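This is what each chain is made of:
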Amino acid sequence: MLNRIWAGFILLAFAVACVQGFALGQHDVFPAMTRAMFDAAKLGFEVALGLTGVMTLWLGIMKIGEAAGLIALLARLLGPLFARLFPGVPAGHPALGAMTMNIAANMLGLDNAATPLGLKAMKELQTLNPTPDTATDAQVLFLVINTAAVTLFPVTIFAYRAQLGAADPTDIFMPLLIASFSATIAGIVLVGLRQRLRLHDPVVLAYLGGLAALIAGVAAWFLHLAPDERAAQSALVSNFLLLAIVVVFIATAVWRRIDVYETFIDGAKEGFKVAIGIVPYLVAMLMAISLLRASGALELLLSGLRHLVGMLGYDSRWVDGLPVGIMKSLSGSGARALMIDTMKTAGADSFAGRLVSILQGSSETTFYVLAVYFGSVGITRTRYAVGCGLFADAVGFIASVWVAYLFFA
């Protein structure tokens, strides 16, 4: 699937460019695509290089947590749920702890921490893979959960909205929470049905119900705060939890008389190796996405959709959020740029400005996560991971549009 998508992006981009260049006389499209291709190669290397330090740091911290036994403790707490969602992973396996920490980091909006933890989890899952080039059921489900991660503290989105003049930068918090939760549940259910997991099991229902109650409680807490306090409280809680995890890991390891410095170095070495291995996969995906964007294929799609929605007599305001919704699955930086451009053009407090803010936090970047996570362990046969991830993205988009109309229309 990834092979077809990658080749399809490039071929579609070239076909659209040929129409624009030869039929419409827009000869500058070819130089633009050439620049985009080389810029993508440069960006792919820079992103991987930038991740090196972060992965080195967090894989070192993870190694300390493993040595202290805290990762195993977390895995035991979520053991009943993970035993049902990941029946192919043995109890007590290191992959369970890494997946737990990755999902928690995603929920807290700690993107820099979540990526290395996710790569660590994928590497551990690969040790259980009898066919190294083909994704296992556990790897598919883990990736889909990552692409549709629930976001409790979207601090960066609040910051962008504040910088662009939003009267209440956090007014999209509750809608965003609902949308991201909807995407996550949709992804889990679809993969669960595909893998014939027992989702109706009382334990699964209890854990998912508890998550729903937690989200509702957090949302209620932030909604009762004054608007100017929400972003500050979100930032405070997120950063406190991040530092608390580091301190608890190190303090517990010291208490158990573990050499924390040497343990950190051992884990950090793994981070450097993983970062170097990402470069080819990241450059490949960014090149295809950049060509598609530079060719004008996305804008062509939007124009046709606006016309169609208008002909049917429906409100077409949601179409303004479609570029972010599409780009979110393809490129996180591209979606972020589109979000900022929309808020600058239409206003941060406009319907479009709020919609793109919700969309930005409703899901993760599916193709980026797929390319980086599977690429880091050499998986080329992704099975149904792409389809399930895009389904979760689509549910997140629909939920985002619905809550935007519900709260702000």
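Here goes a summary of the coordinates provided. What you see is a predicted model, and the numbers here were worked out from it, not measured in a lab.

1. Digging into the overall build of the protein
Moving on, step 1. Counting its regular elements, the protein contains 18 helices and zero strands.
Moving on, step 2. Counting every position in the protein, which comprises 409 residues, the buried fraction comes to 49%.
Moving on, step 3. Across the protein, the fraction of contacts at a sequence separation of at least 24, relative to all contacts at a separation of at least 6, is 78%.

2. Quick notes on the pattern of salt bridges
Moving on, step 1. Scanning all chains against the criterion turns up seven salt bridges.
Moving on, step 2. Arg84 is the partner of Asp201 in a salt bridge, and the nearest nitrogen-oxygen pair spans 2.9 Å. In this pair, Asp201 sits in the loop between helix H9 (173–194) and helix H10 (202–224) while Arg84 sits in helix H4 (residues 79–85), placing the two residues 117 residues apart along the sequence.
Moving on, step 3. A salt bridge links Asp315 to Arg317; the nearest nitrogen and oxygen atoms lie 3.0 Å apart.
Moving on, step 4. Overall, Asp315 belongs to the partly exposed group, its relative accessible area being 35%.
Moving on, step 5. Among the ionic contacts, a cluster of salt bridges with common partners joins Arg84, Arg198 and Asp201.

3. Some thoughts on the nonpolar core
Moving on, step 1. Ranked by size, the top nonpolar core spans 98 residues in total, and within it Leu85, Phe86, Met99, Phe142, Tyr373 and Phe374 carry the most contacts.
Moving on, step 2. Once residues lying within four places of it in the same chain are set aside, the contact partners of Phe142 are Phe86, Met99, Asn102, Gly118, Ala121, Met122, Leu125 and Tyr373.

4. Quick look at the side chain of Thr263
Moving on, step 1. Looking at where Thr263 falls in the secondary structure, it is placed in helix H12 (residues 260–294).
Moving on, step 2. Residues contacting Thr263, with those up to four places away along its chain left out, are Gly60, Lys63, Ile64, Ala67 and Ile258.

5. Remarks on the environment of Ala392
Moving on, step 1. On the secondary structure map, Ala392 appears in helix H18 (residues 385–408).
Moving on, step 2. Discounting chain neighbours no more than four positions away, the residues touching Ala392 are Ala148, Ala183 and Gly187.

6. Notes on the packing of helix H7 (residues 137–147) against H18
Moving on, step 1. For the pair H7 and H18, interaxial distance at closest approach is 9 Å and the crossing angle is 25°. Relative to H18, the element H7 lies roughly parallel. For the pair H7 and H18, the crossing hand works out as right-handed. In this structure, H7 contributes Val140, Leu143, Val144 and Thr147 to the contact, and H18 contributes Ala385, Cys388, Gly389 and Asp393.

7. Here we look at H9
Moving on, step 1. Here H9 spans 32 Å end to end across 22 residues, near enough to the 32 Å set by a 1.5 Å rise per residue.
Moving on, step 2. Following H9 by one or two positions, Arg196 has its phi on the positive side, about 60°.

8. Brief notes about a nonpolar patch on the surface
Moving on, step 1. A cluster of nonpolar side chains, contributed by Leu308, Leu312 and Tyr314, occupies part of the molecular surface with about 360 Å² of accessible area.
Moving on, step 2. By the element assignment, Leu312 lies in helix H13 (residues 297–312).

9. Observations concerning the environment of Arg76
Moving on, step 1. Among the secondary structure elements, Arg76 is positioned in helix H3 (residues 70–77).
Moving on, step 2. Classification of Arg76 by relative accessible area gives exposed; the value is 55%.
Moving on, step 3. For Arg76 and Ala91, which are 15 residues apart along the polypeptide, the C-alpha to C-alpha distance reads 8.3 Å.

10. With respect to the environment of Asn3
Moving on, step 1. Among the structural elements, Asn3 can be located in helix H1 (residues 2–23).
Moving on, step 2. Note on Asn3: relative accessible area 59%, which makes it exposed.
Moving on, step 3. Put simply, Asn3 and Thr380 are 377 residues apart on the chain and 8.1 Å apart in space, counted from C-alpha to C-alpha.

11. Overview of unusual backbone geometry
Moving on, step 1. Despite not being glycine, Arg257 shows a phi value in the positive range, around 60°.
Moving on, step 2. In this structure, Arg257 sits in the loop between helix H11 (227–255) and H12.
Moving on, step 3. Within the chain, Arg383 stands out as a residue other than glycine whose phi angle is a positive 55°.
Moving on, step 4. With respect to the helices and strands, the residue Arg383 is situated in the loop between helix H17 (366–375) and H18.
Moving on, step 5. A relative accessible area of 37% places Arg383 in the partly exposed class.

12. Description of the packing of H17 against H18
Moving on, step 1. Closest axis-to-axis distance for the H17/H18 pair is 10 Å, and the angle between their directions is 150°. Crossing of H17 against H18: the hand is right-handed. Contact with H17, carried on its side by Thr366, Phe367, Leu370 and Phe374, involves Ala385, Val386, Gly389, Leu390 and Asp393 of H18 and no other residues of that element.
Moving on, step 2. Residues belonging to the contact of H17 with H18 are distributed by class as follows: six nonpolar, two polar and one charged.

The rules we used
- Residues numbered from 1 in each chain as written.
- Predicted model: local features only at pLDDT ≥ 70, side-chain atom pairs only at ≥ 80, totals over all residues.
- Heavy atoms only, no water.
- Helix = DSSP H or I, 4+ residues; strand = E, 2+ residues; numbered from the N terminus.
- Buried < 20%, exposed > 50% of the residue type's maximum accessible area, 1.4 Å probe, protein only.
- Contact = heavy atoms within 4.5 Å.
- Salt bridge = Lys/Arg side-chain N within 4 Å of Asp/Glu carboxyl O.
- Core = buried A, V, L, I, M, F, W, Y, C linked by side-chain atoms within 4.5 Å.
- Axes fitted to C-alpha atoms, helices over the stretch in contact; angles between N-to-C directions.
- Parallel < 35°, antiparallel > 145°, perpendicular 65-115°, else oblique.
- Left-handed = near helix turned anticlockwise from the far one by under 90°.
- Expected span 1.5 Å × (residues − 1).
- Patch = residues over 30% accessible without salt bridge, like charges linked within 9 Å, V, L, I, M, F, W, Y side chains within 5 Å.
- Areas by Shrake-Rupley, 256 points an atom, 1.4 Å probe, with all protein chains shown as cover.
- Nonpolar A, V, L, I, M, F, W, Y, C, P; charged D, E, K, R; others polar.

Functional significance is not addressed by these values, which are geometric in nature.
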